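Take a look at the letters that make up each chain.
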Amino acid sequence: MMKLFRKHLKDFTHVENRLPPDPIDEPLDIDLQRLENIIRESLSLETNESLKLKGAHKNKLGRSGNWALLNFLQNERDRLHKINNFFLHKLRNRIKYSQTDKLLMLATKERDEIKDNLISELLSPDSVLQKNLAMIFKKSF
Amino acid sequence: MFREIEIHQNDQNYFDELWIKNKIGESPHYITISSILLKKYPIEDIITEIENSLHRCKINPNFPYPLYLLHPQAGCTRNHAGHPLQMRTLPIIYSIENLPKHYIFKNRIPTNREKAILQKVSMLRQMLRSFSYDEIFDQIIKIKKMQRDYSQVLREIDYYQQILKK
């Protein structure tokens, strides 16, 4: 019995050697990168290209973030300098050498003079106001 | 850059210490009121107390850096007189998103160049903190009033001159 089995086994190994090689052992002619991308797309995952793009965008943001701090500090320095200059110099000079009160005094004086002139002119018998008033009185009474 | 300050008590001494502890005026801050405190006191009283404390400590909520009060119902809450809460000296906002974007950026370790500018900024900031803003604003209001009076008188003169020409 054992002899018979051995003989069959021998025959089988002989046949197996004659068979063509298994296709699994052969190198596959498939673009693995493309396959990975297709699987990623089908599973709605991010592809390598999109990841690369995202990375580039992140780097860009990171770089711009660096400049953002510097830009902020420069703007802040200018802003504080302007506020400081306004409160410390411009406003003080404005208060110390203010001309508004003198101008206001002159303008008030001028206004009073003009008002006096206007009243004296309106009170004269030949003035337009007097004539109009006289006309109204004549018509009314 | 904004820093949060949470208020747990409605006490004058507590507020005075809080401003010193958090270095108000050296960077922008926003105040949040704890819910326990809001249950105890009306919002109007808390704001009045904060404003009194700021006035006493000679801190201006706008210069050199702003100090905001974050209150979610700021838009609809009204005071005893019926005026909205925004009519206060303390700026009130109802959401963190309403904070000015100018001060919002990612913090990181500064470079040497940035450190040099930062030193200059901190020096200017100290100078600005030393000003007495109440006196300055009183003087500005005085100048403004005088200029308006001058403008009014000039307008009056112009009117009289027009009558005289006729």
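For the structure, see preceding data.
Regarding the overall build of chain B
Reasoning step 1: Helix and strand counts for chain B stand at 5 helices and 4 strands.
Reasoning step 2: Helices and strands appear in chain B in the N-to-C order β-α-β-α-α-β-β-α-α.
Reasoning step 3: Burial statistics for chain B: of 166 residues in total, 16% are counted as buried.
Reasoning step 4: Counting only contacts in chain B whose residues sit at least 6 apart along the sequence, the fraction spanning at least 24 positions is 75%.

A word on the overall build of chain A
Reasoning step 1: Per the secondary structure count, chain A includes 5 helices and 0 strands.
Reasoning step 2: A total of 141 residues make up chain A; the buried ones form 1% of that total.

Quick word on the interface of chain A and chain B
Reasoning step 1: Taken together, the contacts link 31 residues of chain A with 32 residues of chain B.
Reasoning step 2: Listing elements by their share of the side of chain A that touches chain B, those giving two or more residues are α3 (48-96) and α4 (100-123) of chain A.
Reasoning step 3: If one sorts the elements of the side of chain A that touches chain B by residue count, α3(A) sits on top with 17 residues.
Reasoning step 4: In terms of residue class, the side of chain A that touches chain B is made up of 15 nonpolar, 8 polar and 8 charged.

Thoughts on the nonpolar core
Residue and element names in this part refer to chain B.
Reasoning step 1: I31, Y68 and L69 are the most contacted members of the largest nonpolar core, which totals 13 residues.
Reasoning step 2: Listing elements by their share of this core, those giving two or more residues are α1 (12-21), β2 (29-33), α3 (43-56) and β3 (67-70).
Reasoning step 3: The leading source of residues in this core is β3, at 4 residues.
Reasoning step 4: Setting aside chain neighbours within four positions, we find Y68 in contact with Y30, I31, P91, I92, I93 and L99.

Notes on the packing of α4(A) against helix α5 (residues 133-165) of chain B
Reasoning step 1: Put simply, α4(A) and α5(B) touch, their axes get as near as 9 Å, and they point 25° apart. The pairing of α4(A) with α5(B) is recorded here as roughly parallel in orientation. The hand of the α4(A)/α5(B) crossing is left-handed.
Reasoning step 2: Residue composition of the contact of α4(A) with α5(B), by class: 14 nonpolar, 5 polar and 7 charged.

A look at the sheet that holds β2(B)
Residue and element names in this part refer to chain B.
Reasoning step 1: If you trace the 4 strands from one edge of the open sheet to the other, you get β1-β2-β3-β4, paired in parallel fashion. Only two strands of the sheet have a single neighbouring strand rather than two, namely β1 (3-7) and β4 (92-93).
Reasoning step 2: Pairing of β3 with β4, which is carried by 2 bridges, proceeds in the parallel orientation. Opposite L70, over in β4, you have I93 as the bridge partner.

A word on unusual backbone geometry
Residue and element names in this part refer to chain B.
Reasoning step 1: With omega at -15°, the peptide bond leading from F63 into P64 counts as cis.
Reasoning step 2: Considering the arrangement of structural elements, one finds P64 in the loop between α3 and β3.
Reasoning step 3: In this structure, K23 is a non-glycine residue whose phi angle is positive, near 50°.
Reasoning step 4: Positionally, K23 belongs in the loop between α1 and β2.
Reasoning step 5: You can call K23 exposed: it has 12 C-beta atoms within 10 Å.
Reasoning step 6: At K58, a residue that is not glycine, the phi angle is positive and equals roughly 55°.
Reasoning step 7: Inspection of the secondary structure assignment puts K58 in the loop between α3 and β3.

Let's talk about the environment of A107(A)
Reasoning step 1: Positionally, A107(A) belongs in helix α4.
Reasoning step 2: Assessed through the 18 C-beta atoms surrounding it within 10 Å, A107(A) is described here as partly exposed.
Reasoning step 3: The residues touching A107(A), leaving out its near neighbours within four places in the chain, are Y150(B), V153(B), L154(B) and I157(B).

What counts, and where the lines are drawn
- Residues numbered from 1 in each chain as written.
- Chains lettered and ligands numbered in written order.
- Predicted model: local features only at pLDDT ≥ 70, side-chain atom pairs only at ≥ 80, totals over all residues.
- Helix = DSSP H or I, 4+ residues; strand = E, 2+ residues; numbered from the N terminus.
- Buried ≥ 20, exposed ≤ 12 C-beta atoms within 10 Å, placed from the backbone.
- Contact = placed C-beta atoms within 7 Å.
- Nonpolar A, V, L, I, M, F, W, Y, C, P; charged D, E, K, R; others polar.
- Core = buried A, V, L, I, M, F, W, Y, C linked by C-beta atoms within 7 Å.
- Axes fitted to C-alpha atoms, helices over the stretch in contact; angles between N-to-C directions.
- Parallel < 35°, antiparallel > 145°, perpendicular 65-115°, else oblique.
- Left-handed = near helix turned anticlockwise from the far one by under 90°.
- Pairing = 2+ DSSP bridges.

Interpretation note: all reported values are geometric properties and have no functional meaning in isolation.
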